[in-house]
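Each chain is listed here by its residues.
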Amino acid sequence: MKCVEGYAGFEVEIPNLFESVFTASEGGDEGQIIRRFVDDLMVTTLDTDLFVYVALDKGTLLGCIFFSRLEFAGDARLVCLLSPVAVRTDRQRAGVGQKLIAYGLDDLRGKGFDIAVTYGDPEYYRRTGFMPVSQDVVPAPLPLNHPHGWLGQSLHGSDLTPVPGPSRCVPALNKPELW
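Here the structure is a predicted model, which means the values were calculated and not measured. (Residues numbered from 1 in each chain as written. Predicted model: local features only at pLDDT ≥ 70, side-chain atom pairs only at ≥ 80, totals over all residues. Heavy atoms only, no water.)

Caption draft 1: Highlighting the state of the cysteines. On inspection of all chains with the given rule, the structure shows zero disulfides. With no disulfide of its own, Cys-80 has Cys-169 as its nearest cysteine by sulfur position, at a separation of 14 Å. With a relative accessible area of 0%, Cys-80 lands in the buried category. (Disulfide = S-S within 2.5 Å. Buried < 20%, exposed > 50% of the residue type's maximum accessible area, 1.4 Å probe, protein only.)

Here it is, written out as structure tokens:
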């Protein structure tokens, strides 16, 4: 397996992957919602604000993750948001997602990003260094339906210090139903 940045050549496969994975775990309606979200992310987000990483095995797409820029009006630190993440159902629980996330975080660290946040299952994301974070420390761009799923990490090994809000996400994420 190898991890690479970018999605050129996988513009059709990536939305199909997300739809398939989320349909299998959450049902058909959720699969469609996530597919539309992924399509929207790829079409409407500026290249400077979107970082896509794929895991490949002999050219076959195994997984994909998206990071997008999260801006804070009162802070110059570079912050990225990990969402969404998908690994083929027949390759889950084999470390593909963790390796892909670690690869993406290392690349973003090299690009000068200071903080990464995500919104999801704390048990899963702890494996790649994410810890629960209060919105007093890193404000979410929209109200959270599940505040316990708001997670973050410093990309420089230091403690995560408060980031003054408000925050602004890319347009594809600026939808209350995703939060």
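Caption draft 2: Spotlight on helix α1 (residues 13–26). With 14 residues, α1 should cover 20 Å at 1.5 Å per step; its first-to-last C-alpha distance of 20 Å lies within 8% of that length. Inspection of α1 places Ile-14, Pro-15, Leu-17, Phe-18, Val-21 and Phe-22 among the buried residues, and these make up the whole buried set. Down the axis of α1, the buried side of the element spans an arc of 155°, and every buried residue falls inside it. Following α1 by one or two positions, Gly-27 has its phi on the positive side, about 105°. (Helix = DSSP H or I, 4+ residues; strand = E, 2+ residues; numbered from the N terminus. Expected span 1.5 Å × (residues − 1). Arc of directions from axis to C-beta.)

Caption draft 3: Structural context of the packing of α1 against helix α2 (residues 28–44). Contact pair α1 / α2: the axes reach a minimum separation of 7 Å and the direction vectors enclose 155°. What the angle tells us is that α1 and α2 run roughly antiparallel. At the point where α1 passes α2, the crossing takes the right-handed sense. Across from Ile-14, Pro-15, Asn-16, Phe-18, Glu-19, Phe-22, Thr-23 and Glu-26 in α1, the residues of α2 making contact are Gly-28, Glu-30, Gly-31, Gln-32, Ile-34, Arg-35, Val-38, Asp-39 and Met-42. Across the contact of α1 with α2, the residue classes tally to seven nonpolar, five polar and five charged. (Axes fitted to C-alpha atoms, helices over the stretch in contact; angles between N-to-C directions. Parallel < 35°, antiparallel > 145°, perpendicular 65-115°, else oblique. Left-handed = near helix turned anticlockwise from the far one by under 90°. Contact = heavy atoms within 4.5 Å. Nonpolar A, V, L, I, M, F, W, Y, C, P; charged D, E, K, R; others polar.)

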